[in-house]
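# Secondary and tertiary structure notes
Next come the chains, spelled out residue by residue.
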Amino acid sequence: MKFGFIGTGSMGSNLVLAFVHSYAMQPDRIIVSNRTRDKAERLALDCPGIHVSDHNRDTAKKADCIFLCVKPGDFRQVLDEIQDVVRPNQYVISITSPVMIRDLEEHLDAKIAKVIPSICHAALSGNALLIPGTRFSDEDTQWLYQLFSCISKPLYVDEAHTRAASDLASCGPAFLANILEQWIQAAVKETGLPVETATSLVEQMIVGTGKLLTENGFTLQSLQDRVAVPGGITREGLHLLDEAFIPCFTRLFQMTHMKFSEDLRNVQQSFQRAEKNL
Ligand SMILES: NC(=O)c1ccc[n+]([C@@H]2O[C@H](COP(=O)([O-])OP(=O)(O)OC[C@H]3O[C@@H](n4cnc5c(N)ncnc54)[C@H](OP(=O)(O)O)[C@@H]3O)[C@@H](O)[C@H]2O)c1
């Protein structure tokens, strides 16, 4: 099977490297194209053997499975370019949440799925969120699941829940890194702990916590119960965090959903504009 990647930015490159490192794809079966060719060339240096094309149409024509890894605002143009070369037996996988499957199915005569990946796939971990489209048979769905099992723990989600699930699985690593960084800054400012010490403590703590959750049978709740003994310092800290974080995370979801609705509206408008011009 040949794989095509249109867009080799942050996530397009991450996927190519993860699939190759996991041996799910052989480099010589991969063709990539990117608006700025240099970026695709840089990926080819990191991943010798992949083919770089100047044209998205060429990528789409040569691949059996095409990954669309561009931002929502660039979708319309890419669809216009590849529309008349995609085939009904090809897979087209979009990794962009505000482009709806029904719109993709309307514009491309191929088997469409949406998959929201995560930076965690670089470590062959994290959840890939799978949303097979209406043209995916059971066999196609099984194939998709197996493909993403090579680099992640795939999880089926409803398209209606894509945003919330993406906030956790896909934006999550950045959100968590931000929280940890602020914690380090507070430690330095409040206590004078050297920044290198605070950083090392936090990095090792998060690695250890991940292992406890994945390898040692802990859950998020049992972890808190185990550390926060009654009357202890941790218990006090947890009360304070509950007060601070519940409203903060509520606002975070409201904000990401607002931005999602805005992107969705813009994408829909770009599709409508293109239809009027036909
Ligand atoms: N980053 C993540 O962790 C993540 C996670 C899940 C989903 N996603 C989704 O993945 C999509 C891409 O995100 P990203 O973070 O990879 O963004 P990015 O780093 O900006 O990459 C987008 C790439 O698309 C290329 N591009 C734009 N128009 C093109 C065209 N017409 N033909 C070919 N290539 C084109 C851009 O080329 P240039 O070099 O010319 O700019 C750029 O390299 C977004 O919809 C995002 O929501 C990202």
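What counts, and where the lines are drawn
Residues numbered from 1 in each chain as written. Predicted model: local features only at pLDDT ≥ 70, side-chain atom pairs only at ≥ 80, totals over all residues. Heavy atoms only, no water. Helix = DSSP H or I, 4+ residues; strand = E, 2+ residues; numbered from the N terminus. Expected span 1.5 Å × (residues − 1). Buried < 20%, exposed > 50% of the residue type's maximum accessible area, 1.4 Å probe, protein only. Contact = heavy atoms within 4.5 Å. Disulfide = S-S within 2.5 Å. UniProt positions renumbered as here; feature names shortened; annotations may be inferred. Domains from an automatic or database assignment. Near = heavy atom within 4 Å. Polar contact = N/O pair within 3.5 Å; in protein donor to acceptor, adjacent residues only side chain to side chain. Nonpolar A, V, L, I, M, F, W, Y, C, P; charged D, E, K, R; others polar. Phe/Tyr/Trp six-rings, centres within 6.5 Å; stacked < 30°, edge-to-face > 60°. Salt bridge = Lys/Arg side-chain N within 4 Å of Asp/Glu carboxyl O.

### Considering helix 1 (residues 10-21)
Taking 1.5 Å per residue, twelve residues should reach 16 Å; helix 1 reaches 16 Å between its end C-alpha atoms and fits that length. Most of helix 1 is tucked away: nine of the twelve residues are buried. Among the residues making up helix 1, those that are buried are Met11, Gly12, Ser13, Asn14, Leu15, Val16, Ala18, Phe19 and Val20. Summarising the contacts, the buried residues of helix 1 are in contact with strand 1 (3-6), strand 2 (30-33), helix 2 (37-46), strand 4 (65-68) and helix 6 (138-149). With its phi angle positive at about 65°, Tyr23 sits one or two positions after the end of helix 1.

### A short note on the state of the cysteines
Under the defined criterion, the tally for this structure stands at zero disulfides. A disulfide-free cysteine, Cys120 has its sulfur positioned 12 Å from the sulfur of Cys171, the nearest such atom. Among the residues examined, Cys120 registers a relative accessible area of 25% and is labelled partly exposed.

### Quick look at the UniProt feature "domain: Pyrroline-5-carboxylate reductase dimerisation" (unreviewed entry) in the protein
According to UniProt, the positions carrying the feature "domain: Pyrroline-5-carboxylate reductase dimerisation" (unreviewed entry) are residues 159-246. Summarising residues 159-246: 81% helix, 0% strand, and an end-to-end C-alpha distance of 25 Å.

### Considering the domain arrangement of the protein
Domains assigned within the protein are domain 1 (3-160) and domain 2 (172-262). The straight-line distance from the C-alpha centre of domain 1 to that of domain 2 is 33 Å.

### Quick word on unusual backbone geometry
One non-glycine residue, Tyr23, adopts positive backbone phi at about 65°. Along the chain, Tyr23 falls in the loop between helix 1 and strand 2. You will see that Leu124, though not glycine, has its phi angle at about 50°, which is positive. Within the fold, Leu124 resides in the loop between strand 6 (111-116) and strand 7 (127-132).

### A short note on the environment of Gln77
If you trace the backbone, Gln77 turns up in helix 4 (residues 75-82). Separated by 193 residues in sequence, Gln77 and Ser270 place their C-alpha atoms 9.3 Å apart.

### Considering the site of the ligand
With respect to spatial proximity, 22 residues lie near the ligand, and among them Ser10, Met11, Asn34, Thr36 and Lys39 are the closest. One nitrogen or oxygen atom from the side chain of Asn34 is found 2.8 Å from an oxygen atom belonging to the ligand. Taking Lys39, its side chain carries an N or O atom lying 2.8 Å from an oxygen atom of the ligand. Its residues placed into classes, the shell around the ligand shows eight nonpolar, nine polar and five charged.

### Quick word on the packing of aromatic side chains
Counted according to the given criterion, the structure contains eight aromatic pairs. Measuring from ring centre to ring centre gives 4.5 Å for Phe5 and Phe67, while their planes differ by 0°; the resulting arrangement is stacked. In this pair, Phe5 is assigned in strand 1 and Phe67 in strand 4, connecting sequence segments 62 residues apart. Considered together, Phe5 and Phe67 belong to a single accessibility category, that of buried residues. Centre to centre, the rings of Tyr91 and Trp143 are 4.0 Å apart; their planes meet at 10°, and the pair counts as stacked. Linking Tyr91 in strand 5 (residues 91-94) with Trp143 in helix 6, this pair joins segments that are 52 residues apart in sequence. Accessibility assignment for this pair places Tyr91 and Trp143 in one class, buried. Members of the aromatic cluster, joined through ring pairs, are Phe5, Phe19, Phe67 and Phe148.

### Quick word on the pattern of salt bridges
Under the defined criterion, the tally for this structure stands at ten salt bridges. With a closest N to O distance of 3.1 Å, Asp58 and Lys62 form a salt bridge. Linking Asp58 with Lys62, this pair stays in helix 3 (residues 56-62), spanning four residues, or about one helical turn. Accessibility expressed as a relative area gives 24% for Asp58, which makes it partly exposed. Relative accessible area serves as the criterion here: at 46%, Lys62 is assigned to the partly exposed category.

### Thoughts on the UniProt feature "binding site: NADPH" (unreviewed entry) in the protein
Look at the UniProt record and you will see "binding site: NADPH" (unreviewed entry) annotated at Asn56. Tracing the backbone through its elements, the reader meets Asn56 in helix 3. For Asn56, a relative accessible area of 12% corresponds to the buried category. Excluding its chain neighbours within four sequence positions, the residues that come into contact with Asn56 are Ile6, Ser33, Val78, Glu81 and Ile82. There is a polar contact of 2.8 Å between the side chain of Asn56 and the side chain of Ser33.

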